[in-house]
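# Structural description and commentary
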Amino acid sequence: MAPAVEVSNSWDSSLMPELLPIYYKKLFPFTQYFKWLRYKESGPNYFKNREFSFTLKDDIYLRYRSYADQAEMEKDIRSKCPYKIDIGAVYTCSPKLRDMVRAGEFVAQYKELVFDIDMTDYDDVRSCCSGADICLSCWPLMTIAIKIIHRALTEDFGFKHLLWVYSGRRGVHCWVCDEKARKLSAAARAAVAEYLSLVKGGANMKKKVILKYNQLHVSIRKALEIISDYFDDYFVNRQDLLSTEEQFQTLKGLITDEQVLALIKELEDTDGFGETSKLRWACLKGIFCKRMSSEGSVCTSAPLHEMPHNMKEIMLQYTYPRLDVNVSKGVNHLLKSPFCIHPKTGRVCVPIDINHVDTFDPFKVPTLHDLTEQLAVWKGEGNLLDYKKTSLKPYIESFEKFLTTLSKHNTESDNIVMDTTA
Amino acid sequence: MDFGQLKSKRRTLSSAFNVNPEIKKSVNLDGVNGFHSFYKMPPSGSITLQQFEYYALERLKVLKAIELNNVLKGKKFKEYCDEMRDEFRNLGWQFLCTDRLSKEDEEKDLVSHHILRLAYAKSEGKRQWFITQETELLKLRMMFSNSLLNRLLEVNQLSSNQVPAEEINELTDELRGCQTGFNMANAVYYKVDFEEVLQLVSSRKVYLSQGYAYLPASELQSFVLNKYKIHLKEQLAMACKLMPGLEEENRIMRQLKALSGGDLGTGYTTKAVGDKITCDMLDQLSLRSYPLCMQTLHNHIKVKHHAKHEGRMQYGLFLKGMGVSLEESLKYWRTQFCKGGIDTEKFDKTYAYNVRHNYGKEGKRADYSPFSCLKIISSSEPKGDECHGCPYKHSDELSLRHLLEKRKISAEATEEILGLKRQGHYQVACMSLFKATHPKEGLHGGLQHPNQYFEESQTILSGNSETSDSKMTADSSEKETAGKSNDNKENIQDIEDEFDDEM
Ligand code: SF4
Ligand SMILES: [Zn+2]
């Protein structure tokens, strides 16, 4: 087993009631947050008709909150101090007034296209932890997922405004904010999510990725190119996924290529595979290379993404992104807001800069406790904005960067509209 | 029939048919000669009530025939088309197989389609059924008519979006990756918004770039079908909105209800809850009378002392359907979960709500129906190490073989079941297991529901051979409620899932 990274998480969730008011008073980036959700170009009701929901202490849910403007939102959030804020859809009328319209007239209309990737869905391919736990040995799964999905959403679907957010504990969220994405029907959302889903089946389906022979969709080819940058290191060094006989058997159970099976048998009858993940994996790669040579390609050490299709299936089963499709499907599905505090870890749900996703470290994300400490000991210039005194600063700046492109793009499309009317 | 009734009926029909908002989509399917089902134009004029009923029932027969043949898939496509052609002829709808429709045929087609639209607009599940069958019908009609597809494409003005040959040349690799039998020599592609071809998108059968899908000429048919589906969906939603206003027009409503009511075949009414079955009997019962899906869940929980949300829903509602009382259910889940290290307090806080919810004691207090086979087979797949779903569909062959071995059936029976699985006949495979594990009798008239499996098994094993057919053919009003609560359930589940985030 890979050395589990010890996380000294001194967070104590009983601090929430004490520290949250400070966070909402001084640090939560209301202005930027409002600038985002207002979507200026989409009309004045866009923000007013947006649902927010709160989870208060002791799991009390408050749904269908909505606000006329930033001031009203600030006031409500500060007075309720929610443990968690969820963002819902933009409805046909203001959610707080929903009882005043006829049933059927209160309908979810728009929402960002969202994705939720959660480490619990990878339990069958992690050796380091399970369930809600994560560590630096399994985090590369998230890095890979982000890169693959980001590429597909931007290149294949043409979306431009993606906000990646750390969910505060064991996963990541993606908010696709392009106008077109916000208007997608539930069916279209489901289709996009399906397009991005490849690993299928539960406990009784051992082989979870089956590719067509001799035919590989370009999105999967490109995913494999991303995966092959990480796979050896992830699989062998970090996860050590072939160290036990059982793990080795599991992997062999995924091999369906007759010739490869024959070659495996041959090796087992002679030199054997060795005992470590490293040896075993090297031998397997060698065998697959041999298999390729028999197909006519010259090969001593092919890059992973050019390996035979059975090998591709294996790599995909271990590392291809696993989405929670249900979250993406519904227009009215709520998703935890960026900049919430995760009550179990105390960490802020910060944006992840796609250009630096490789260096993103979930354990370096500031906790509520860190932030309030930093504020308390601040000795520098006094009239600096509070968040700039803390380690939240780079994350808010990256959020602002996202907002700048969002509004730039929108003013561009405003101009186009004006041109045509001129 | 008195005049008042006639008048009210006329008003109903015309007002209902007149909901026809502009279709915003760029592609237009209407206005194709002789294809009224695409309709924006509602039928005008009036017909007698008898005609109304007659037309609707006739079309319903056509759609049912389609559904039936669809269920028994695995036939060769050609065979299926031939059979359907015969079916239509027998039903007196042979015009569905031709290009030329007489005026009468057109009216029959148009009016019956619109009546059923109204009848099926009421609930989500019914709408889905109607749309599926109608789309299949259009598909068949396109098979039978040589010119229909072309006419539809003309109206859609697709040709202007054709991808230039040079671009296809550059994209050879990408395009080949999406399509078996790609052939450069005769490659014709159309560039359309990805939203126009969602099915192809979800199955990755199309090349996408910057939001555009490169639609191969060979996929034009499914393109049109998909448009039709969307069109129908919009129209039905619209009709549904209008329905409350029609509620007072009793006679019509009753008729519409009766038309759609008993015909879904998936409703299931929960047994009166008693204290007959206690949770210590479940092990025994699961051995002999559970279908494989529930047995798998039961054993999984027995070993792991845990199950994820979907699994708890599927098994929990099945237990309810068996007649296990809420108290016994709670006891069962609590015992199991506690063995898995979840203390009573945590159980009561996190999971008990769910169990009570299934019994309609929390949330919206809707009485949820146990899942039907159709739902289990078609809705959310298990992932990771979850084990809900239908083993005939969601297990690989090896795992299914293991599961069957434990049932100690003959080698032939095992092979037969695996064969059926391979062909996608999941429910039939399930019936085979029933036959192999019960003396003499098989299931009565097809399998639709795990609880049906259970009950018939119990009836046979307890030597009481009175059939339980009545259960599945409960009168339409009861079905209506079952359907409704189903809808509610989805809503509530939505809400639950909305919060199913990490806390
Ligand atoms: S066919 Fe129905 S009863 Fe049989 S295993 Fe599948 S879901 Fe269960
Ligand atoms: Zn880990």
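So, how was this worked out
Residues numbered from 1 in each chain as written. Chains lettered and ligands numbered in written order. Predicted model: local features only at pLDDT ≥ 70, side-chain atom pairs only at ≥ 80, totals over all residues. Heavy atoms only, no water. Core = buried A, V, L, I, M, F, W, Y, C linked by side-chain atoms within 4.5 Å. Buried < 20%, exposed > 50% of the residue type's maximum accessible area, 1.4 Å probe, protein only. Helix = DSSP H or I, 4+ residues; strand = E, 2+ residues; numbered from the N terminus. Contact = heavy atoms within 4.5 Å. Near = heavy atom within 4 Å. Nonpolar A, V, L, I, M, F, W, Y, C, P; charged D, E, K, R; others polar. Polar contact = N/O pair within 3.5 Å; in protein donor to acceptor, adjacent residues only side chain to side chain. pLDDT = per-residue confidence, 0-100.

### Things to note about the nonpolar core
Counting residues in hydrophobic clusters, the biggest one holds 191 residues, and the most contacted among them are Tyr-23, Trp-36, Phe-115, Leu-153 and Phe-159 of chain A together with Phe-88 of chain B. Broken down by element, the residue count for this core peaks at 10 residues, all from helix H8 (residues 218-238) of chain A. Among all residues touching Trp-36 of chain A, those that are not within four sequence positions of it are Ile-87, Glu-112, Leu-163, Trp-175, Cys-177, Pro-338, Phe-399, Phe-402, Leu-403 and Leu-406 of chain A. In this structure, Cys-279, Tyr-290, Tyr-315 and Val-324 of chain B belong to the second largest nonpolar core, which totals 55 residues.

### Quick word on the site of ligand 1
All names here are of chain B. All residues in the neighbourhood of ligand 1 are listed as Pro-291, Cys-293, Cys-373, Ile-376, Cys-390, Pro-391, Tyr-392, Gln-427, Cys-430, Leu-447 and Pro-450. Sorting the residues of the shell around ligand 1 by element identifies helix H18 (373-378), helix H19 (391-394) and helix H22 (426-437) as the ones contributing at least two each. The class makeup of the residues in the shell around ligand 1 is 10 nonpolar, 1 polar and no charged.

### Side note on the environment of Asp-353 of chain A
Residues and elements named next belong to chain A. Counting through the fold element by element, Asp-353 comes out in the loop between strand S9 (351-352) and helix H14 (368-377). Residue classification places Asp-353 among the buried positions, given a relative accessible area of 19%. Among all residues touching Asp-353, those that are not within four sequence positions of it are Ser-398 and Lys-401.

### Regarding the side chain of Ser-112 of chain B
Residues and elements named next belong to chain B. With respect to the helices, strands and loops of the structure, Ser-112 is situated in helix H4 (residues 103-120). Exposure remark for Ser-112: the relative accessible area of 0% places this residue in the buried category. Among the polar contacts made by the side chain of Ser-112, one reaches the main-chain carbonyl oxygen of Lys-108 at a distance of 2.7 Å.

### Brief notes about the confidence of the model for chain A
Residues and elements named next belong to chain A. Confidence in the prediction for chain A averages 90 pLDDT; 94% of positions are at 70 or higher. In the model, residues 1-8 has pLDDT below 50 throughout and makes 13 contacts with residues more than four positions away in sequence or in other chains. Per-residue pLDDT stays below 50 along residues 414-422; that stretch engages in 1 contact with residues further than four places along the chain or on separate chains.

### Quick word on the environment of Lys-389 of chain A
All names here are of chain A. Here Lys-389 is to be found in the loop between H14 and helix H15 (393-421). A relative accessible area of 14% places Lys-389 in the buried class. Remark: the alpha-carbon pair of Lys-389 and Asp-240, spanning 149 residues in sequence, is separated by 41 Å. Setting aside chain neighbours within four positions, we find Lys-389 in contact with Gln-374, Leu-375, Trp-378, Glu-381, Gly-382 and Leu-384.

### Brief notes about the confidence of the model for chain B
Detailed reading of predicted coordinates is not advised where the pLDDT is low. Residues and elements named next belong to chain B. Put simply, chain B has an average pLDDT of 75, and 73% of its residues get 70 or more. When mean pLDDT is compared element by element in chain B, strand S2 (residues 207-209) scores highest at 96, while helix H25 (residues 476-498) scores lowest at 35. Counting contacts from residues 1-37, a segment whose pLDDT is below 50, to residues more than four positions away or on other chains yields 86 contacts. This stretch, residues 465-503, has a pLDDT under 50; its non-local contacts, to residues over four places away or in other chains, come to 91 contacts.

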